[in-house]
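Here's the letter readout for the chains.
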Amino acid sequence: MIVLVMSLATFAQQLATLNHNDSITVYYGMNALQQAHTAAVNGDIITLSSGIFNAVNITKAVSIRGAGAWVDTSGNSNTVLYNDFTLNVQNDTLYHLTLEGLYFTNTVRYNTVYNPQFNKCHFTQFISGDGTVGSMHNATVINCIIENWSNYGTNNNGWAAQGSQFYNSVLLDGGDFGPDSFVNCIIRQHPQTSYITGRLFQNCILYGNYSYLSQYMSGNGNTSFNCMYVNVSSDNLYSDTPNHILWNRSGLSTIFNNFNGTYTSTTTFELQDSIATNYLGVDGTQIGIYGGLHPFSPKITSPVIRSINVAQRNNSEGKLEVNIEMIAEDE
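Everything in this summary refers to the structure shown in the same document. Note that this is a predicted model, so its numbers are computed, not measured.

**Digging into the sheet that holds strand β13 (residues 136–137)**
The three strands lie next to each other as β10-β13-β17, forming an open sheet whose pairing is parallel. Each edge of the sheet is formed by a strand with only one pairing partner; in this case those strands are β10 (113–114) and β17 (161–162). One ladder, built from two bridges, connects β13 with β17; its direction is parallel. Pairing of Met 136 across the sheet is with Ala 161, part of β17.

**What to know about the nonpolar core**
Residues Leu 87, Leu 99, Phe 118 and Phe 126 are the most contacted members of the largest nonpolar core, which totals 50 residues. For this core, the secondary structure elements donating two or more residues are β1 (15–20), α1 (32–39), β3 (45–48), β7 (85–87), β9 (103–110), β12 (122–128) and β25 (227–230). Ignoring any residue separated from it by four or fewer positions in sequence, one finds Leu 87 in contact with Ile 58, Leu 97, Leu 99, Val 108, Arg 109, Tyr 110, Asn 111, Thr 112, Val 113, Phe 118 and Phe 126. Among the nonpolar cores identified, the runner-up in size contains 29 residues, and Ala 69, Ile 145, Val 230 and Phe 259 belong to it.

**Some thoughts on the sheet that holds strand β14 (residues 140–142)**
Read across the sheet, eleven strands follow the order β2-β1-β3-β5-β8-β11-β14-β18-β20-β22-β24 without closing on themselves; strand pairing throughout is mixed. Every other strand in the sheet has two partners, leaving β2 (23–28) and β24 (224–225) as the edge strands with one partner each.

**As for α1**
When we look at burial in α1, the residues that qualify are Ala 32, Leu 33, Ala 36 and His 37. Projected down its long axis, α1 shows its buried positions confined to an angular sector of 130°, all on one face. Contacts from the buried residues of α1 go to β1, β2, β3, β4 (51–54), β5 (63–65) and β6 (79–82).

**Focus: the pairing of β25**
Along β25, one buried face is formed by Cys 227 and Tyr 229 and the opposite face, lined by Met 228 and Val 230, is buried too. The sheet contact formed by strand β23 (residues 205–207) and β25 spans three bridges and is parallel. Looking across to β25, one finds that Ile 205 is bridged to Met 228. The pairing of β25 with strand β27 (residues 244–249) spans four bridges and is parallel. Of the residues in β27, the one forming a bridge with Cys 227 is Leu 246.

**Topic: the environment of Val 56**
Structurally, Val 56 is set in the loop between β4 and β5. Note on Val 56: relative accessible area 17%, which makes it buried. With 28 residues separating them in the primary sequence, Val 56 and Asp 84 have C-alpha atoms 8.2 Å apart. Among residues more than four places away in sequence, those in contact with Val 56 are Leu 33, Gln 34, His 37 and Phe 85.

About the criteria used
Residues numbered from 1 in each chain as written. Predicted model: local features only at pLDDT ≥ 70, side-chain atom pairs only at ≥ 80, totals over all residues. Heavy atoms only, no water. Pairing = 2+ DSSP bridges. Helix = DSSP H or I, 4+ residues; strand = E, 2+ residues; numbered from the N terminus. Core = buried A, V, L, I, M, F, W, Y, C linked by side-chain atoms within 4.5 Å. Buried < 20%, exposed > 50% of the residue type's maximum accessible area, 1.4 Å probe, protein only. Contact = heavy atoms within 4.5 Å. Arc of directions from axis to C-beta.

Now the structure itself:
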C-alpha cells in the first residue's frame, strides 16, 4: 500500500506549459497558471510542474494537469494551487474541464460547470458557489480526497451539483449529498437522513455518530448495495435482498489500519485484513477506495514534468534554451 505524505514542496522554478494545436508555450513563476489560462481556449492542455502556483478563476473547458496532489515515498513532489478560486465554465459540446494531480489549499467553489472531471486531486474545501445562479452538471470525481464538500443550492434546480458521480474517493465531511452516486467511497455522513435516502451507495464505507441512520439506508432497497456503516451502537446485518446488504460495525479502529476519524498526512484508509477479505462489494473486490474499477492510487495517468534545464545564457539566435522532460508515472 502506498503511503501518502502531504507537502507544500516548491519546485526550483515553477512553470506551466500550454499546449494549443500542437504548439507549446511556456510560462514561469507562481503566476504561470494564470498566464496560461488567459492565453488558453477550450480544448487546450495546461501542464504544471510541481510547486506552488497562484490559483485563477477557471472559465474555460481546458485540461489542467499537475505533478500530483501528494508527495509519495519515491520523492515525487506535488502541485499546489494557492488561494480561493471559482469554476464557472459554460457548456461546450466538444470539450469539458478536467483537473488532475492538484492539491488545493483553499476554497474551490463551483458555479456553472458542465461535465467536469476531477482526477487524483485533494480539495481542502469544495463547495457550491452562488446557488442562485447555476449548477455543476454531471461531474465525475475519481481518486480524490475532499476534506469538506457542500452541495447546497438555493436555485429552482435544488441541489447545486446535479448528477455527480464519485468513484474511489474520500469525503471527510460529506453533507448535502444531493442527487449523487457513490461507488467504492469512504464518507463521513451528514446527520440528516434525508441527505442519504434515495442516493446510490455501492461498496462504500460510511461513518458517523447516528445509530439509527443505518436503518434508513437499509430501507433503500434499490440504491444501497454492499455498504458498511461504522460507529453505530450495534454490529448487525441488514439485508433487504440478496444483493442489498448493509453491514453495521462499531468503531473505526476495527475497520481501518490507521484512520480513527482524524485525517493526517499519512492516512491511507487501508482496511484491516479481516475487513478487506470478508466484506466484499458487488463485484467481488473489497469495499472502500482500493476495490472496484478505479482502485485509489496517487500516480498520475497523464505525463508530468519531471525535470527542467535552463541554459545560462541566450544562444546565437538570442533565444534562451529550455529543455523540459515529461514522463508518465508508469515509466
